[in-house]
Amino acid sequence: MIIKNINHPYSYHTEKIAVMFFPLEKLKKDGDDDVVIITKKENGAFSVNIKAYTRHIEKSVLISENSDEANVLSLLLYDALSELMGFTLPWGILYGVRPARLMHATVEKLGIQKAKEKFISDRVQEKKVRLALSVMESENKIIALSKSNSFSLYVSIPFCPSRCSYCSFVSHSIENTKSLIEPYCELLCEEIEQIGSIAKSLSLRLETIYFGGGTPTTLNARQLDSILCAVERSFDLSYLREYTVEAGRPDTVTKEKLDALFSHNVGRISINPQTFSDSVLENIGRRHTSLQTVQAYNLARKVGFDNINMDFIAGLNSDTLDSFKNSIDTAVELAPESITVHNLALKSGAYLATEKEFFDLSQRNTARDMIDYSFDTLTKNGYLPYYMYRQSKSLGNLENVGYAKKGRECLYNVFMMDETHSVFAAGAGAVTKLVDPISYHIERIYNYKYPYEYLNNFDEIKNRKQGIIDFYSAYSE
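Residues numbered from 1 in each chain as written. Predicted model: local features only at pLDDT ≥ 70, side-chain atom pairs only at ≥ 80, totals over all residues. Heavy atoms only, no water.

### As for the overall build of the protein
- Helix and strand counts for the protein come out as 17 helices and 17 strands.
- Relative to the 2.2 N^0.38 estimate, which gives 23 Å for 477 residues, the radius of gyration of the protein is 24 Å and therefore close to what a compact globule would have.
- In the protein, of all internal contacts separated by at least 6 residues, the share reaching a separation of at least 24 is 73%.
- Looking at the protein, you have 54 positive and 60 negative side-chain charges, and the mean spots of the two groups are 2 Å apart. (Helix = DSSP H or I, 4+ residues; strand = E, 2+ residues; numbered from the N terminus. Rg over C-alpha atoms; globule rule 2.2 N^0.38 Å. Contact = heavy atoms within 4.5 Å. Lys, Arg positive; Asp, Glu negative; His and termini not counted. Charge placed at Lys NZ, Arg CZ, Asp CG, Glu CD.)

### Comments concerning the packing of helix H7 (residues 221-234) against helix H8 (residues 255-263)
- Contact geometry for H7 and H8: axes closest at 9 Å, N-to-C directions at 10°. One finds that H7 runs roughly parallel with respect to H8. Taken together, the residues of H8 that come into contact with H7 (itself represented by Ala221, Leu224 and Leu228) are Glu256, Lys257, Ala260 and Leu261. (Axes fitted to C-alpha atoms, helices over the stretch in contact; angles between N-to-C directions. Parallel < 35°, antiparallel > 145°, perpendicular 65-115°, else oblique.)

### What to know about the confidence of the model for the protein
- When pLDDT is averaged across the protein, the result is 93; 94% of the residues are at 70 or more.
- Note on residues 349-353: pLDDT is under 50 here. Beyond four places in sequence and across chains, it has twelve contacts. (pLDDT = per-residue confidence, 0-100.)

### Digging into the sheet that holds strand E4 (residues 55-62)
- Spatially, four strands are ordered E1-E2-E3-E4 in an open sheet, and the strand pairing comes out mixed. Edge positions in the sheet fall to strand E1 (2-6) and E4, since each of these pairs with one other strand and no more. Each strand of the sheet is rotated relative to its neighbour by a mean of 10°, with strand direction disregarded.
- As paired elements, strand E2 (residues 35-42) and strand E3 (residues 45-52) share eight bridges and run antiparallel to each other. Bridging from a neighbouring strand, Val35 pairs with Ala52 of E3.
- Relative to the sheet, helix H1 (residues 11-21) contacts E1 and E2, its axis offset from that of E1 by approximately 150°.
- Contacts from helix H2 (residues 69-85) reach E2, E3 and E4 within the one sheet, and its direction differs from that of E3 by about 30°. (Pairing = 2+ DSSP bridges.)

### Side note on the pairing of E3
- Hairpin connection of E2 to E3: two residues between the antiparallel strands, including Asn43 at a positive phi of 55°.
- In this structure, E3 lies alongside E4, joined through eight bridges in antiparallel fashion. Of the residues in E4, the one forming a bridge with Ala45 is Leu62.
- Taking the residues that link successive antiparallel strands as the turn, the E3-E4 hairpin has two residues, and the phi of Tyr53 there is positive, at about 55°.

### Quick notes on the pairing of strand E15 (residues 422-426)
- Counted residue by residue, E15 has five buried out of five residues, so it is predominantly covered.
- In E15, alternate side chains face the same way, and those of Ser422, Phe424 and Ala426 on one face and Val423 and Ala425 on the other are all buried.
- Two elements, strand E5 (residues 150-157) and E15, share five bridges in a ladder whose sense is parallel. Note on E15: the bridge partner recorded for Leu153 is Phe424. (Buried < 20%, exposed > 50% of the residue type's maximum accessible area, 1.4 Å probe, protein only.)

### Concerning the pattern of salt bridges
- In total, this model carries 23 salt bridges according to the counting rule given.
- Glu190 is the salt-bridge partner of Lys462, the closest N and O atoms lying 2.8 Å from each other. One end of the pair, Lys462, is in helix H16 (residues 458-464); the other, Glu190, is in helix H6 (residues 174-201), with 272 residues separating them in the sequence.
- The partly exposed category is assigned to Lys462, whose relative accessible area is 28%.
- For the salt bridge of Glu207 with Arg241, the shortest nitrogen-to-oxygen distance reads 2.6 Å. With a gap of 34 residues between them, Glu207 in strand E8 (residues 205-213) and Arg241 in the loop between H7 and strand E9 (242-246) connect regions that are remote in the sequence.
- Shared partners join several salt bridges into a network, and the residues in it are Arg98, Arg101, Glu419, Lys433 and Arg444. (Salt bridge = Lys/Arg side-chain N within 4 Å of Asp/Glu carboxyl O.)

### With respect to the packing of helix H3 (residues 99-110) against helix H5 (residues 126-143)
- Two elements in contact, H3 and H5, have axes whose closest approach is 8 Å; the angle formed by their N-to-C orientations is 85°. Taken together, the axes of H3 and H5 lie roughly perpendicular to each other. Where H3 approaches H5, its residues Pro99, Ala100, Met103, His104 and Val107 are matched on the opposing element by Val129, Ala132, Leu133, Val135, Met136, Glu139 and Asn140.
- When grouped by side-chain class, the residues that make up the contact of H3 with H5 number nine nonpolar, two polar and one charged. (Nonpolar A, V, L, I, M, F, W, Y, C, P; charged D, E, K, R; others polar.)

### Some remarks on unusual backbone geometry
- With an omega of 15°, the peptide bond between Gly213 and Gly214 qualifies as cis.
- A positive phi angle is found at Glu419, which is not glycine, with a value near 60°.
- Positive phi is not limited to glycine here, since Tyr440 has a value of about 60°.
- Assignment of secondary structure puts Tyr440 in the loop between strand E16 (431-435) and strand E17 (442-446).

### So, the environment of Arg98
- The residue Arg98 is located in the loop between H2 and H3 in this model.
- Taking the C-alpha atoms as reference, Arg98 lies 7.7 Å from Asp418; in sequence the two are 320 residues apart.
- If we skip the residues at most four places from it in the chain, Arg98 touches Met417, Glu419 and Lys433.

Below, the structure written as structure tokens:
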């Protein structure tokens, strides 16, 4: 895809709008391409000229005095692309990751009614406006729990039984990395202890803990116990509101592991089916059955867990609307405390390979219907949307939403996504996010991405933690 912007400085906006319609087209600066978009400002007007394979469209609009030119051009380009492609995007010209946060800022500036009108004028569908407002209200209640000295802890366990076809996380099959797990756990405990010492020196208050991955329950019960013990040794847990460990793959869940988690007061776990279709599970590389998911869920209940989350993905390879509906309906029958519905993030540049595929709306429409069904069904059954984010390269430019029964929202998800307070992170691929509670200035400290890099460069990882102290020293003055 080639985008040419003439006589105006709004290339950032035009590229964002174009990528929402063509998420897997690579941007080129020159030459020829099947998709060429030209935007121009001339004689008090904006114009767009778009060629996509054999289709072509031109549109223009006059620029009124004191108008928001970036917004005017964005709407012009969006309307032209919608007409050319034959579909609209549910979030209109909004391309940000956090629509509920944008809604909050807009409400603060304009009030609720004017904020609704602004979103609708930006081509956001009314049902998405209502969703953004609902999530905003839920998030605001959770955000208010955080204090100026609050922080959260993220612990990365980047190992899985096998790698799923859709996965974009730092995750490694234990078939290839089994020998790294034991030394990884040992150094992870050391890093956790270092972070705990820093947090204590800064008089910070730990609000939530989240073990993610990968799949933390890929570790055996002894390894899990050692890491959980390191957390208890290293931190004051008297203010802890929530302790989550992902037990995402049902084929990694055993009573011994669940007992280890429960004995350390882990209160929230995820057991993630992604789908209750065995054929879809096989297609995406999940080495377990739907029955194993139900068995793992029932085992967790028997051990004593009363706060369980389940994840699903809309748009998985070979999944149909009917089988997706069955997955959501099955989850409602099992009645976990929260259910998260993700929209498939696109990975392969071959997705739009021909003109026929380019204009084929079937996958987008199916994903949209899946997302709509999940919202309608879950809200009717007492699950409220409390958390939401979007990804730029997703099927149909839809949203990922966390639903929960009242009082069972995942606090960490909101604190992390809203960037409410600092998140100190340990492990391979982990990113410490430092947030100044006054100015909301943010800085990040990156760990090495892969387990072997983590092991080989551990001294450097420890040295980088000095950045936490430097940050708080600078922003506490």
